[in-house]
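A look at the structure
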Amino acid sequence: MRIISFSADGLREAAKRGFYDWLSRQDADFICIQDIRCSEYDLQDDVFFPSDYNAYFFDDVNGKDNGVAIYCRTLPKAIMTGLGFADFDMQGRYIQADYGELSIGCLLAPVASDCATEEQTTKNEFFSLLGAHLEKVRNKRRKFVICGNWRIAHTAADMQNSAENSNRSGFLPEERQWIDELLDNGYRDAFRQVSTDSDAYTYWPQERGEDGWRIDLQIISEELQYSVEHAAIYTGDSFSRHAPVIIDYDIDL
């Protein structure tokens, strides 16, 4: 099973850069896209609805910001939108496809431009709620693959020039500790199950003209850690400031 995760910086803009042409050659079972910055009704071209997939979108309330989408080759049993977070669900931050005991999620975390702003407080509130939610669902029989733009680089290996960036939002000690606690309590970073590369970045704030970050993650239930077969970050083309993350799993739906 192949899952591709990609943060688009605007789905229509990524399409103009050739994202869907590239995607048609990837033979993915799931495509999780974050930060689509449009509503489903804005997408009039057939390119946004590949015939081999069932496409689902969850828009921000204004249809111009945030937003997530998931493309499923196999028809899901159910689609869930939102996480039950009253202050965040209208922002189009999460969509989930359910299959038997497996769920594929697509997540977009809030952005904070500076660690001393109200945006950072809002981001911290989101992750506090998300941590409680993930702890709750961990005790169920369901297994999860949650793909997303998490907006946190976990370790120094995930951040270029980590010492210089230690006070930036997305690499703050408390944010990194949040990932530590997540990975100590029933979840794994799928990419790190098969790769120890210290220069495997997925995001460049200034179109690869600035330090690289690995903030686009596929977080999986620990029961799936040995099912990860291969992981790659595609940097051959630039579809946005983020690179697609491609992970193959030994999982049958």
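Just above sits the structure.
All values derive from a computational prediction rather than experimental measurement.

Rules used throughout
Residues numbered from 1 in each chain as written. Predicted model: local features only at pLDDT ≥ 70, side-chain atom pairs only at ≥ 80, totals over all residues. Heavy atoms only, no water. Buried < 20%, exposed > 50% of the residue type's maximum accessible area, 1.4 Å probe, protein only. Helix = DSSP H or I, 4+ residues; strand = E, 2+ residues; numbered from the N terminus. Pairing = 2+ DSSP bridges. Right-handed = clockwise from strand over helix to strand, strands pointing away. Phe/Tyr/Trp six-rings, centres within 6.5 Å; stacked < 30°, edge-to-face > 60°. Core = buried A, V, L, I, M, F, W, Y, C linked by side-chain atoms within 4.5 Å. Contact = heavy atoms within 4.5 Å. Axes fitted to C-alpha atoms, helices over the stretch in contact; angles between N-to-C directions. Parallel < 35°, antiparallel > 145°, perpendicular 65-115°, else oblique. Nonpolar A, V, L, I, M, F, W, Y, C, P; charged D, E, K, R; others polar. Expected span 1.5 Å × (residues − 1). Arc of directions from axis to C-beta.

1. Describing the pairing of strand 7 (residues 102–108)
Within strand 7, seven of the seven residues are buried, which leaves the element mostly enclosed by the surrounding structure. Pairing of strand 6 (residues 94–99) with strand 7 involves six bridges; the strand directions are antiparallel. Looking at the pairing, Gln 96 lines up with Gly 105 of strand 7. Taking the residues between adjacent antiparallel strands as the criterion, strand 6 and strand 7 are bridged by two residues, where Gly 100 takes a positive phi near 50°. Pairing between strand 7 and strand 8 (residues 143–149): seven bridges, direction parallel. By the bridge assignment for strand 8, Gly 105 is matched with Ile 146. In this view, the connection linking strand 7 to its parallel neighbour strand 8 by way of helix 3 (residues 118–138) has right-handed handedness.

2. A few points about the packing of aromatic side chains
One pass over the structure, following the stated rule, counts 20 aromatic pairs. Where Phe 6 meets Phe 239, the ring centres are 6.3 Å apart and the plane angle is 90°; that geometry is what we call edge-to-face. In this pair, Phe 6 sits in strand 1 (residues 2–7) while Phe 239 sits in the loop between strand 11 (228–233) and strand 12 (245–249), placing the two residues 233 residues apart along the sequence. For the residue pair Phe 6 and Phe 239, the accessibility class agrees, reading buried in each case. Between the aromatic rings of Trp 150 and Trp 178, the centroid separation amounts to 6.3 Å while the plane-to-plane angle is 45°, which identifies the pairing as tilted. Within this pair, whereas Trp 150 is found in the loop between strand 8 and helix 4 (173–183), its partner Trp 178 is found in helix 4, the two being separated by 28 residues in sequence. Here Trp 150 and Trp 178 have matching classes, each one buried. Through successive ring pairs, a cluster of aromatic residues spans Phe 6, Phe 19, Tyr 20, Trp 22, Phe 48, Phe 49, Tyr 53, Phe 57, Tyr 71, Tyr 234 and Phe 239.

3. A short note on the nonpolar core
By size, the foremost hydrophobic cluster in this structure holds 32 residues, and its most contacted members are Met 1, Ile 3, Ile 104, Val 145, Ile 247 and Tyr 249. Residue assignment for this core shows that the elements contributing at least two residues are strand 2 (30–34), strand 4 (68–72), strand 6, strand 7, strand 8, strand 11 and strand 12. If one sorts the elements of this core by residue count, strand 7 sits on top with four residues. Setting aside residues up to four positions removed in sequence, Ile 3 forms contacts with Phe 30, Cys 32, Ile 104, Val 145, Cys 147, Gln 218, Val 245, Ile 246, Ile 247 and Tyr 249.

4. Side note on the packing of helix 3 against helix 4
Interaxial distance between helix 3 and helix 4 falls to 11 Å at its minimum, and their mutual angle equals 5°. In terms of orientation, helix 3 lies roughly parallel with respect to helix 4. Of helix 4, the residues touching helix 3 (which contributes Gln 120, Lys 123, Phe 127, Ser 128, Leu 130, Gly 131 and Leu 134) are Glu 175, Trp 178 and Leu 182. Taken together, the residues of the contact of helix 3 with helix 4 break down into five nonpolar, three polar and two charged.

5. Observations regarding the sheet that holds strand 3 (residues 54–58)
Pairing in this open sheet of six strands is mixed, and the strands run 3-4-2-1-12-11 from one edge to the other. Every other strand in the sheet has two partners, leaving strand 3 and strand 11 as the edge strands with one partner each. Strand-to-strand twist across the sheet, computed as the mean angle between neighbouring axes with direction ignored, equals 15°. Here strand 1 runs beside strand 2; their pairing, made up of five bridges, is parallel. Across the sheet, Ser 7 pairs through a bridge with Gln 34, a residue of strand 2.

6. Details of helix 3
Compared with an ideal rise of 1.5 Å per residue, which puts 21 residues at 30 Å, helix 3 spans 30 Å between its outermost C-alpha atoms and is within 8% of the ideal. Buried within helix 3 we find Gln 120, Lys 123, Phe 126, Phe 127, Leu 130, His 133, Leu 134 and Val 137. Down the axis of helix 3, the sector holding all buried residues measures 145°, keeping them to one side. Along helix 3, the residues that are exposed and aim more than 90 degrees away from the buried face are Glu 118, Ser 128 and Lys 136. Its buried side turned inward, helix 3 meets strand 7, strand 8, helix 4 and strand 9 (187–189).

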